[in-house]
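This is what each chain is made of:
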Amino acid sequence: MKSAVETLNPTRVRLTVEVPFEELKDSLDAAYKKINQQVTVKGFRKGKVPARVIDQRFGRGAVLEEAVNDALPKFYTDAVNQAQLSPLGQPEVDITELKDGETLNFTAEVDVRPSIEIPDYSGIEVEVDAVEVTDEDVDKSVEQLRERFASTTPVERAAEDGDVVTIDLEAKVEGKVLEDGVAKDVSYTIGSGELLDGIDDAVKGLSAGEEATFTSELKGGSAAGKEAEVTVRVTQVAKRELPELDDEFAQLASEFDTLEELRADSRKRLENMKQYDQATQAQERVLEKLLELVEVPVPEKLLEDEINTRKHNLEHHQLGQMGLTLDKYLEIQGKTAEEFENETREAAIKGIKTQFVLDELVKQEKLSVNQEELTEHLMRRAASSGMSPDQFAQAVVEQGQVPLLVGEVARGKALAVVVEKATVRDTNGEIVDLDDEEEPAEAEAETVESAESAESAESAESAESAESGESAESGGDKAEEKSEG
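What counts as what
- Residues numbered from 1 in each chain as written.
- Predicted model: local features only at pLDDT ≥ 70, side-chain atom pairs only at ≥ 80, totals over all residues.
- Heavy atoms only, no water.
- Phe/Tyr/Trp six-rings, centres within 6.5 Å; stacked < 30°, edge-to-face > 60°.
- Helix = DSSP H or I, 4+ residues; strand = E, 2+ residues; numbered from the N terminus.
- Buried < 20%, exposed > 50% of the residue type's maximum accessible area, 1.4 Å probe, protein only.
- Patch = residues over 30% accessible without salt bridge, like charges linked within 9 Å, V, L, I, M, F, W, Y side chains within 5 Å.
- Areas by Shrake-Rupley, 256 points an atom, 1.4 Å probe, with all protein chains shown as cover.
- Salt bridge = Lys/Arg side-chain N within 4 Å of Asp/Glu carboxyl O.
- Lys, Arg positive; Asp, Glu negative; His and termini not counted.
- Charge placed at Lys NZ, Arg CZ, Asp CG, Glu CD.
- Core = buried A, V, L, I, M, F, W, Y, C linked by side-chain atoms within 4.5 Å.
- Contact = heavy atoms within 4.5 Å.
- Pairing = 2+ DSSP bridges.
- Axes fitted to C-alpha atoms, helices over the stretch in contact; angles between N-to-C directions.
- Parallel < 35°, antiparallel > 145°, perpendicular 65-115°, else oblique.
- Left-handed = near helix turned anticlockwise from the far one by under 90°.
- Arc of directions from axis to C-beta.
- 1 Å grid on protein atoms, 1.4 Å probe; cavity = no way out; pocket = protein on both sides within 12 Å on 5 of 7 lines; lining within 4 Å.
- Points joined across faces, edges and corners; volume = space filled by probe spheres on them.
- Nonpolar A, V, L, I, M, F, W, Y, C, P; charged D, E, K, R; others polar.
- Polar contact = N/O pair within 3.5 Å; in protein donor to acceptor, adjacent residues only side chain to side chain.

Caption draft 1: Highlighting the packing of aromatic side chains. Applying the stated criterion across every chain yields a total of 1 aromatic pair. Ring centres of Phe-149 and Phe-249 lie 6.2 Å apart, and the angle between their planes is 85 degrees; this geometry places the pair in the edge-to-face category. One end of the pair, Phe-149, is in the loop between α4 (135-148) and β6 (151-154); the other, Phe-249, is in helix α6 (residues 247-253), with 100 residues separating them in the sequence. With a relative accessible area of 30%, Phe-149 lands in the partly exposed category. When its relative accessible area of 2% is taken as the criterion, Phe-249 is described as buried.

Caption draft 2: Quick peek at a negative patch on the surface. Among the surface-exposed residues, Glu-244, Asp-246, Asp-247, Glu-248, Asp-257, Glu-260 and Glu-261 lie close enough to one another that they form a single negatively charged patch. Looking at the negative patch, the elements with two or more residues in it are α6 and α7 (259-293). Tracing the sequence through the fold places Asp-246 in the loop between β10 (227-241) and α6. Exposure remark for Asp-246: the relative accessible area of 30% places this residue in the partly exposed category.

Caption draft 3: Focus on the nonpolar core. In terms of nonpolar packing, the biggest core is built from 36 residues, with Tyr-121, Ile-124, Leu-290 and Leu-361 touching the most fellow members. Residue contributions to this core peak at 7 residues, all from helix α10 (residues 337-364). Residues within four places of Tyr-121 in sequence aside, it is in contact with Leu-290, Leu-293, Leu-361, Gln-364, Glu-365, Val-417, Val-418 and Lys-421.

Caption draft 4: The arrangement of the sheet that holds strand β4 (residues 103-112) in detail. What the 4 strands build is an open sheet, ordered β1-β2-β4-β3; its pairing is antiparallel. Each edge of the sheet is formed by a strand with only one pairing partner; in this case those strands are β1 (2-9) and β3 (87-99). Across this sheet, the average inter-strand angle for adjacent strands is 20 degrees, counted without regard to direction. Direction of pairing for β3 relative to β4: antiparallel, over a ladder of 9 bridges. Opposite Ile-95, over in β4, you have Phe-106 as the bridge partner.

Caption draft 5: Geometry of a nonpolar patch on the surface. A contiguous nonpolar surface patch, about 220 Å² in accessible area, is contributed by Val-93, Ile-95 and Leu-98. When you line up the elements, Ile-95 lands in strand β3. Since its relative accessible area comes to 38%, Ile-95 is described here as partly exposed.

Caption draft 6: Summary view of the environment of Ala-150. Its location among the elements puts Ala-150 in the loop between α4 and β6. What makes Ala-150 partly exposed here is its relative accessible area of 26%. Distance from Ala-150 to Leu-242, taken between C-alpha atoms, is 4.6 Å for residues 92 residues apart in sequence. Among residues more than four places away in sequence, those in contact with Ala-150 are Arg-240, Glu-241, Leu-242 and Pro-243.

Caption draft 7: Focus on the pattern of salt bridges. Considering all chains together, one arrives at 35 salt bridges under this definition. In this structure, the salt-bridge partner of Glu-6 is Arg-14, at a minimum N-O distance of 2.7 Å. Look at Arg-14 and you get partly exposed, because its relative accessible area is 25%. Lys-335 is the salt-bridge partner of Glu-343, the closest N and O atoms lying 2.7 Å from each other.

Caption draft 8: Unusual backbone geometry, seen in detail. Backbone geometry at Glu-174 places phi at a positive 55 degrees, although glycine is not the residue there. In this structure, Glu-174 sits in the loop between β7 (164-173) and β8 (176-189). Owing to a relative accessible area of 78%, Glu-174 belongs among the exposed residues under this scheme. Look at Asp-185: it is not a glycine, yet its phi comes out positive at around 55 degrees. Here Asp-185 shows up in strand β8.

Caption draft 9: Spatial organisation of the packing of helix α8 (residues 300-321) against α10. At a minimum axis separation of 9 Å, α8 and α10 run at an interaxial angle of 120 degrees. Classed by the angle they form, the pair α8 and α10 counts as oblique. The handedness of the crossing between α8 and α10 is right-handed. For the pair formed by α8 and α10, the contact residues are Glu-300, Leu-302, Leu-303, Glu-306, Ile-307, Arg-310, Lys-311 and Leu-314 on the first element and Phe-340, Glu-341, Thr-344, Arg-345, Ala-347, Ala-348, Ile-349, Gly-351, Ile-352 and Phe-356 on the second.

Caption draft 10: Quick look at helix α12 (residues 389-398). Along α12, the residues that are buried comprise Phe-392, Ala-395 and Val-396. The arc that holds every buried residue of α12, seen down its axis, measures 100 degrees, which confines them to one face. Away from the buried face of α12 by more than 90 degrees, exposed residues Asp-390, Val-397 and Glu-398 are located. Taken together, the buried residues of α12 touch α11 (371-385) and α13 (402-421). Gly-400, located one to two residues past α12, shows a positive phi value of around 65 degrees.

Caption draft 11: Structural detail: the pairing of β8. As paired elements, β7 and β8 share 8 bridges and run antiparallel to each other. Within β8, the position partnered with Glu-170 by the bridge is Val-182. Once β7 ends, the chain turns through 2 residues before running back antiparallel as β8, passing Glu-174 with a positive phi of about 55 degrees.

Caption draft 12: Local environment of the layout of surface pockets. Estimates place the volume of the second largest pocket at around 360 Å³. Around the second largest pocket, the lining is made up of 20 residues, and of these Ser-86, Arg-113, Pro-114, Glu-360 and Lys-363 lie nearest the centre. The element best represented in the lining of the second largest pocket is α10, accounting for 5 residues. Residue classes in the lining of the second largest pocket are distributed as 9 nonpolar, 5 polar and 6 charged.

Caption draft 13: Structural detail: the side chain of Thr-231. Within the secondary structure layout, Thr-231 lies in strand β10. Within the structure, Thr-231 has its side chain in polar contact with the side chain of Thr-213 (distance 3.3 Å). Look past the residues within four positions of Thr-231 in its chain and what remains in contact with it is Asp-168, Leu-169, Glu-170, Glu-211, Ala-212 and Thr-213.

Right, here's the structure in full:
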């Protein structure tokens, strides 16, 4: 077999392959055997029909077609390996010549990883937020803990802001009660904003046993997006009482004996969180600077597939789980369809470029992934997926995604190499030593996954927050990485 490569553009090549006919022998034998098992010829036992009879009865062309279909993948793979290409996606194959007994010639066009030159990146400088924890931050943290230990006491009076009311809900659309429009014994804190628009005004001033009717747009359920007439009946009013902020509270809510010790621990935890956020911010900004330094051509077909994947995952998985349509999501985000398309395209381009550049760095720096690193990454991914490590590992193996996880870890290590050589200053002008962070590798992996991700987690979380309380509103409810090859 002979092959030649023609570069059509920086991300696409055409392979021209010539195969001597004798190299088709194994595939021809397999074709005759397969056809033999499928046909019946009078006078011959099944599977024992001679090749010449098959040619006479069914045509040599049928045999050649079967043989070529069987042989093409192998010859294509051999040609790719000979040319040391890194194909992306499936090739477009065209048989240019097939002469029985002489030759098989074909071409294959396919997208390939572009050749990337990584320039000197040691001069990268970025600025990040300073780690500062104020007394107000500590007060807020302690107050949130205090809220968790609040108690409620039923009262015989009208409901007020901050009270916890137990309510029954009934939603009607066009005068008919929805099948999923009834909810009973719902606990709701007035002023929390966790249920329907208008419910706070409706329940304030009501005592147990009283009801009110108001109009609100349903955010979920069978009538999502429609105006509903909602009747709310209060069955109990309870006053929330917060514990005193003293040593006794510290002993109740923590392992500490004094409120001072509890506040000191809260401050330390907030500092750790801000340091972690600072490290992630540094890695994101270093990655952005690195991508600015490198010219990365993006294959159009790969980009199109990535855009479609991101849209599909957002619309059919993430939004679907929240009971949102894409139109409703865009309305919540305040975006037009055109803005969404542009943002999705930009995110897809960044994800592809990130993968290409960091993969090139993995090769350049000769980075590898050991079992311990892979296991740690698997454990973290399992935790974020809500699965047990064993379940997640089994799913990864069954779906053949171990190489994808290895790639994620390797790219995280490549980014770490760049970050280590970068100069990171905070907004106070102080040099930030990221080596002091407790789990830098985890943050680096998350940064890479975020850049490659097929979904915008921040936007989706914002949408989910806007739609919280959905069951009551309805009356009761990095990068999939592209496989190469």
